[in-house]
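# Residue-level structural notes
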Amino acid sequence: MNYQYLDTPIGRLRLVSTGSGLSAIEFAGHHGEPGNGTAATDAVLERAGGQLLEYFAGRRRQFDLPLAPVGTPFQRAVWNALAAIPWGALRSYADIARAIERPTAVRAVGAANGRNPLPIVVPCHRVIGSNGTLTGFAGGLDIKRQLLELEGSWGELPF
């Protein structure tokens, strides 16, 4: 495992790679212990850092990265549904539950959303409460609002 830090408009992020895929993006103050990881870059980290900086500059709306998140089959289904939310769009937890054909699993979807190891790239920030309110986000609600404002979607409620 390799990791590197990336300074962004929303603070310092730690990017973690298996060498073949991006496995985590951690917000400042939420960086776990590096463990057996190495503070070293690799091609995945370089590519991820470049694409994230393009995103924050408003020049990238989709990420094209090899991903290596670790999770249960249910979590991965939720994360795949999150990845399908287009730039500037918002969805509710119920929308995601329906998208994975588990319409009664709204709370479990919320829990899986909260465990998304690849925020921003797998856009969990685009999920809000069904009443249009901002709900939990690993980076905090202020950062969630900043990301939605960057994408032009805050204030545009689809429900």
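Use the structure listed above.
Quick notes on the rules
- Residues numbered from 1 in each chain as written.
- Predicted model: local features only at pLDDT ≥ 70, side-chain atom pairs only at ≥ 80, totals over all residues.
- Heavy atoms only, no water.
- Phe/Tyr/Trp six-rings, centres within 6.5 Å; stacked < 30°, edge-to-face > 60°.
- Lys NZ or Arg CZ within 6 Å of the ring centre and 35° of its normal.
- Buried < 20%, exposed > 50% of the residue type's maximum accessible area, 1.4 Å probe, protein only.
- Helix = DSSP H or I, 4+ residues; strand = E, 2+ residues; numbered from the N terminus.
- Pairing = 2+ DSSP bridges.
- Core = buried A, V, L, I, M, F, W, Y, C linked by side-chain atoms within 4.5 Å.
- Contact = heavy atoms within 4.5 Å.
- Polar contact = N/O pair within 3.5 Å; in protein donor to acceptor, adjacent residues only side chain to side chain.
- Arc of directions from axis to C-beta.

Time to look at the packing of aromatic side chains. Inspection of every chain in the model, using the stated rule, returns five aromatic pairs. A centroid spacing of 5.8 Å and a plane angle of 85° characterise the contact between Tyr-3 and Tyr-5, whose relative ring orientation is edge-to-face. Both rings, one in Tyr-55 and one in Phe-63, keep their centres 5.6 Å apart while their planes meet at 40°; by these two values the pair is tilted. The side chain of Arg-14 reaches across the aromatic face of Tyr-3, ending 4.9 Å from its centre.

Before going further, it helps to examine the pairing of strand S2 (residues 11–17). Of all seven residues in S2, five are buried; the element is thus mostly enclosed. In the sheet, strand S1 (residues 2–8) pairs with S2 via seven bridges, with the strands oriented antiparallel. Residue pairing in the sheet places Leu-6 in a bridge with Leu-13 of S2. What sits between S1 and S2 in their antiparallel hairpin is a turn of two residues. Two elements, S2 and strand S3 (residues 22–27), share five bridges in a ladder whose sense is antiparallel. For Val-16, the partnering residue across the bridge sits in S3 and is Ala-24.

Ranked by internal contacts, the top residues of the largest apolar core, which has 38 residues, are Leu-15, Leu-22, Val-78, Leu-82 and Ile-120. Counting only elements with at least two residues in this core, the list comes to S2, S3, helix H1 (43–56), helix H2 (73–83), helix H3 (93–99), helix H4 (106–114) and helix H5 (141–150). If you tally residues by element for this core, the top one is H1, at six residues.

A few words now on the environment of Leu-118. Inspection of the secondary structure puts Leu-118 in the loop between H4 and strand S6 (127–128). On a C-alpha basis, the gap between Leu-118 and Ile-128 in space is 17 Å, while along the polypeptide they are ten residues apart. If we skip the residues at most four places from it in the chain, Leu-118 touches Leu-22, Ser-23, Ala-24, Ile-25, Leu-67 and Pro-69.

Let's shift gears to the side chain of Gln-4. Take Gln-4: it is sitting in strand S1. A residue is classified by how much of its surface remains accessible, and Gln-4, at 16% relative accessible area, is buried. Within the structure, Gln-4 has its side chain in polar contact with the side chain of Thr-41 (distance 2.7 Å). Setting aside its immediate chain neighbours within four residues, Gln-4 contacts Leu-13, Arg-14, Leu-15, Thr-41, Leu-45 and Glu-46.

Among the residues of H5, Ile-143, Lys-144, Leu-147 and Leu-148 are the ones counted as buried. Viewed end-on, H5 has its buried residues packed into an arc of 140°, placing them on one side of the element. Tucked into the core, H5 has its buried residues touching S3, H1 and S6. Positive backbone phi, at 75°, marks Gly-152, one or two positions downstream of H5.

This part covers the environment of Leu-15. Among the secondary structure elements, Leu-15 is positioned in strand S2. On the basis of relative accessible area, Leu-15 is assigned to the buried category, the value being 0%.

Another aspect to go through is the environment of Leu-13. Following the sequence through the fold, Leu-13 ends up in strand S2. Overall, Leu-13 belongs to the buried group, its relative accessible area being 0%. Each C-alpha atom, one on Leu-13 and one on Pro-66, is 18 Å from the other, the two residues being 53 residues apart in sequence.

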